[in-house]
Amino acid sequence: MASDLRLPTDRIVRPDKDRFLAEENPFEAMMSRFDRAAELLDLEPGLYKVLRHAEKQITVSVPVLMDNGEVEVFTGHRVLYNTSRGPGKGGIRFDMAVTLEEVTALAAWMAWKCAVVNIPFGGAKGGVVCDPLGMSVGELERLTRRYTAGIISVLGPDSDVPAPDVNTNERVMAWVMDTYSMHMRHTVTAVVTGKPVEMGGSLGRREATGRGCTVVTKLALQHFGMKPQGATVAVQGFGNVGSTAAMLLEREGCKVVAITDRAGGCYNKGGVDVQAAIQWTRQHGTLEGFTGGDALSNDELFALDVDGLVPAALENVITTRNADKIRARIICEGANGPTSAAADAILDEKGIFVIPDILANAGGVTVSYFEWVQDRHGYFWSEAEVNTRLEDIMTRSFHDVLKLSQQHKVNMRTAAYMLSISRVATVHRLRGIYA
Ligand code: NAD
């Protein structure tokens, strides 16, 4: 199938920053989890200080000649939070809400995520403050190339490997790769992941995050002595992650009783026809008008009595505002940062088993790693090989985190942070501090 190179018409609409609760600040959310895990690990003070700081933060101005002949200057950031275990890895987002603080938090998240699944990458993230949907393809290409040139000193298969994120896609990655390759004077496919398959992308990358969510949800059901057959699931977000997770969970025998996106969604006690919903969103952009069940709002979805809840849309959807209403047995965090740190305590009290984002949605970065490996070998795997290796890594990581959570009597999130921070800390201890 040819790559879909269009920017999505539906997209993540991020709430106005002024409406954020203090608990929703991404840097604070990440740091409060980090601090708790560091305390339980009894991390030595020096290392604690090192890991609380980003290694490198770059801010560049990005002048772009617009179609109307005027020059606009955008601001771009790239943060390498920690590269002790390998090259920086993390997406580039184009969004009006991008800030250096947010990019730094997301870069740290990537460092912990790569360490949870034990792939040899550090954490990085980038972003440009812009409204990509208000820009032409030509403007976006010029923006991408100039931003890439601005941060080129850190990019490279051995130093920093970007990927798509909010409002960027395969096409944007192709431009990043081409710009970098032009500067290097030869083609360097491994400098980005999430590329079109035709130019070194990996089979299975597009479905990888939803597939990873499905693997860990199945394992969590198993942990509670349940089978996927007949287990009820609600999914928020019906884009790449949500629709793939819904489709694969349905294929495993789960009953996907509710789906929503930013236009709302539907509830069907007998199970929503996921394929029909995918077909609908392909044609119409959102679930609006899809009649596969009773109309359902996003707020209502979170209060459903289901076995599994998969938030796969955006951050901060489970906060102190609604955590006490959640009745799901298991939450699988497909999205990044869907739960605020304050809400963690409420979910714990209710005995809800949360598979944290840094584990649950690590399927994407895992197959990005496979893409990088394949590019560097110049030898490409079949989709079945990619999926089998992904399932192995997700399964092993789930059990690693579960074991630690049982040993230390902590929830899965704290255990995931403990595992990843201890892995990063071990490498720092071995490498020492360069003087
Ligand atoms: P996407 O753009 O393909 O889909 C986003 C979905 O969220 C759409 O269905 C959209 O309608 C819905 N949505 C947007 N605003 C909403 C709102 N206010 N309320 C309810 N639904 C809303 O994005 P995606 O790639 O599926 O990513 C979803 C989440 O998963 C993000 O948090 C992303 O960071 C995270 N994630 C994605 C990947 C990946 O490989 N795509 C990997 C790791 C994490």
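Given the structure is predicted, the values throughout are model-derived calculations rather than measurements.

Participant: Which parts of the structure should I look at to understand the overall build of the protein?
Facilitator: Summing up its helical and strand segments, the protein has 14 helices and 12 strands in all. In terms of overall dimensions, the protein is globule-like: its C-alpha atoms have a radius of gyration of 21 Å, near the 22 Å expected for 435 residues. In terms of its C-alpha atoms, the protein occupies a principal-axis envelope of roughly 55 × 55 × 45 Å. The buried share among the 435 residues of the protein stands at 57%. Once local pairs closer than 6 in sequence are excluded, the contacts in the protein between residues at least 24 apart make up 70%. For the protein, the exposed area adds up to about 18,000 Å²; of that, 51% sits on carbon and sulfur atoms. The averaged location of the 52 negative side-chain charges in the protein is 5 Å from the averaged location of its 46 positive side-chain charges.

Participant: What is the right way to look at unusual backbone geometry in this model?
Facilitator: Most peptide bonds take the trans form, and the phi angle of most residues other than glycine is negative. Positive phi, close to 60°, is recorded for asparagine 118, a residue that is not glycine. Not every positive phi belongs to a glycine, and lysine 409 is a case in point at roughly 55°. In this structure, lysine 409 sits in the loop between helix 13 (383-408) and helix 14 (412-431).

Participant: Where do I start with a nonpolar patch on the surface in this structure?
Facilitator: Taken together, Leu65, Val71 and Val73 make up a surface patch of nonpolar side chains, about 290 Å² in accessible area. With respect to the helices and strands, the residue leucine 65 is situated in strand 1 (residues 56-65).

Participant: Hey, could you run me through the environment of alanine 245 in this one?
Facilitator: Take alanine 245: it is sitting in helix 7 (residues 240-251). On a C-alpha basis, the gap between alanine 245 and alanine 208 in space is 9.5 Å, while along the polypeptide they are 37 residues apart. Excluding residues that lie within four positions of it along the chain, alanine 245 makes contacts with Gly210, Cys213 and Thr214.

Participant: Quick question: what am I supposed to make of the packing of aromatic side chains here?
Facilitator: For any pair of aromatic rings, geometry is given as the distance between the ring centres together with the angle between the planes. Applying the stated criterion across every chain, the model contains 11 aromatic pairs. Ring centres of phenylalanine 370 and tryptophan 381 lie 5.2 Å apart, and the angle between their planes is 50°; this geometry places the pair in the tilted category. Placement of the pair is phenylalanine 370 in helix 12 (residues 363-377) and tryptophan 381 in the loop between helix 12 and helix 13, with a sequence separation of 11 residues. In terms of burial, phenylalanine 370 and tryptophan 381 fall into one category: buried. Of note, lysine 89 hangs over the ring of phenylalanine 121, and the distance from its end group to the ring centre comes to 6.0 Å.

Participant: Is there a simple way to think about the nonpolar core in this case?
Facilitator: One recurring pattern in soluble globular proteins: nonpolar side chains tend to sit buried together. Among the nonpolar cores identified, the biggest contains 91 residues, and Met30, Phe34, Leu51, Trp112, Ile259, Ile355 and Phe398 are the most heavily contacted of them. Two domains each provide a minimum of three residues to this core, namely domain 1 (9-23 + 55-196) and domain 2 (202-435). With residues up to four places along the chain from it excluded, the contact list for isoleucine 259 reads Val235, Phe238, Gly265, Cys266, Val272, Ala277, Leu287 and Leu301. Val60, Phe94, Val128 and Met177 belong to the second largest nonpolar core, which has 29 residues in total.

Participant: Explanation requested: the pattern of salt bridges in the structure shown.
Facilitator: Opposite charge on two side chains permits them to pair, given that their charged atoms come into close proximity. Using the criterion set out here, one finds 20 salt bridges in the structure. Here arginine 389 and glutamate 385 are joined by a salt bridge, their closest N and O atoms 3.8 Å apart. Of this pair, arginine 389 and glutamate 385 both sit in helix 13, four residues apart, which is roughly one turn of that helix. The structure contains a network of salt bridges with shared partners spanning Arg33, Glu333, Asp344, Asp357 and Arg413.

Participant: Help me out: how do you make sense of helix 1 (residues 26-41) in this one?
Facilitator: Each turn of an α-helix holds 3.6 residues, which means side chains three or four residues apart point in the same direction. With 16 residues, helix 1 should cover 22 Å at 1.5 Å per step; its first-to-last C-alpha distance of 23 Å lies within 8% of that length. Residues of helix 1 that are buried include every one of Pro26, Phe27, Ala29, Met30, Met31, Arg33, Phe34, Ala37 and Ala38, and no others. Those residues of helix 1 hidden inside the fold are in contact with helix 2 (45-51), strand 2 (71-82), helix 3 (100-116), helix 10 (341-349) and helix 14. Just downstream of helix 1 lies aspartate 42, where phi reads positive at about 55°.

Participant: Explain the side chain of threonine 366 here, please?
Facilitator: With respect to the secondary-structure elements, threonine 366 resides in helix 12. Within the structure, threonine 366 has its side chain in polar contact with the backbone oxygen of alanine 362 (distance 2.7 Å). When residues no more than four places from it in sequence are discounted, the contact partners of threonine 366 are Val117, Ile119, Leu390 and Ile393.

Participant: Just checking my understanding: could you explain the environment of tyrosine 267 for this structure?
Facilitator: Along the chain, the position of tyrosine 267 falls in strand 8 (residues 264-267). Here the alpha-carbon distance between tyrosine 267 and threonine 291, two residues 24 residues apart in the chain, equals 9.7 Å. The residues touching tyrosine 267, leaving out its near neighbours within four places in the chain, are Val257, Ala258, Gly293, Asp294, Leu296 and Leu304.

Participant: Please clarify how helix 5 (residues 170-184) should be interpreted in this entry.
Facilitator: An ideal rise of 1.5 Å per residue puts 21 Å on 15 residues; helix 5 measures up with 21 Å between its terminal C-alpha atoms. Listing the buried residues of helix 5 in full gives Glu170, Val172, Met173, Ala174, Trp175, Val176, Met177, Thr179, Tyr180 and Ser181. The inward-facing, buried residues of helix 5 abut strand 3 (88-94), helix 4 (137-150), strand 5 (160-164) and helix 6 (205-223).

Participant: How should I be thinking about the domain arrangement of the protein in this particular structure?
Facilitator: Interface size is often expressed as the accessible area that is lost when the parts come together. Per the domain assignment, the segments making up the protein are domain 1 (9-23 + 55-196) and domain 2 (202-435). Listed as interface residues are 39 residues of domain 1 and, on the opposing side, 46 residues of domain 2. Summed over both sides, the interface of domain 1 with domain 2 buries roughly 3,500 Å², with 58% coming from carbon and sulfur. Between aspartate 375 and lysine 195 there is a salt bridge, and its shortest N-O distance comes to 2.6 Å. Where domain 1 touches domain 2, the interface holds 16 residue pairs in polar contact (both at pLDDT 80 or more). For the side of domain 1 that touches domain 2, the leading source of residues is helix 3, giving eight residues.

Cut-offs used in this document
- Residues numbered from 1 in each chain as written.
- Predicted model: local features only at pLDDT ≥ 70, side-chain atom pairs only at ≥ 80, totals over all residues.
- Heavy atoms only, no water.
- Helix = DSSP H or I, 4+ residues; strand = E, 2+ residues; numbered from the N terminus.
- Rg over C-alpha atoms; globule rule 2.2 N^0.38 Å.
- Buried < 20%, exposed > 50% of the residue type's maximum accessible area, 1.4 Å probe, protein only.
- Contact = heavy atoms within 4.5 Å.
- Areas by Shrake-Rupley, 256 points an atom, 1.4 Å probe, with all protein chains shown as cover.
- Lys, Arg positive; Asp, Glu negative; His and termini not counted.
- Charge placed at Lys NZ, Arg CZ, Asp CG, Glu CD.
- Patch = residues over 30% accessible without salt bridge, like charges linked within 9 Å, V, L, I, M, F, W, Y side chains within 5 Å.
- Salt bridge = Lys/Arg side-chain N within 4 Å of Asp/Glu carboxyl O.
- Phe/Tyr/Trp six-rings, centres within 6.5 Å; stacked < 30°, edge-to-face > 60°.
- Lys NZ or Arg CZ within 6 Å of the ring centre and 35° of its normal.
- Core = buried A, V, L, I, M, F, W, Y, C linked by side-chain atoms within 4.5 Å.
- Domains from an automatic or database assignment.
- Expected span 1.5 Å × (residues − 1).
- Polar contact = N/O pair within 3.5 Å; in protein donor to acceptor, adjacent residues only side chain to side chain.
- Buried area = accessible area lost by both parts, 1.4 Å probe.

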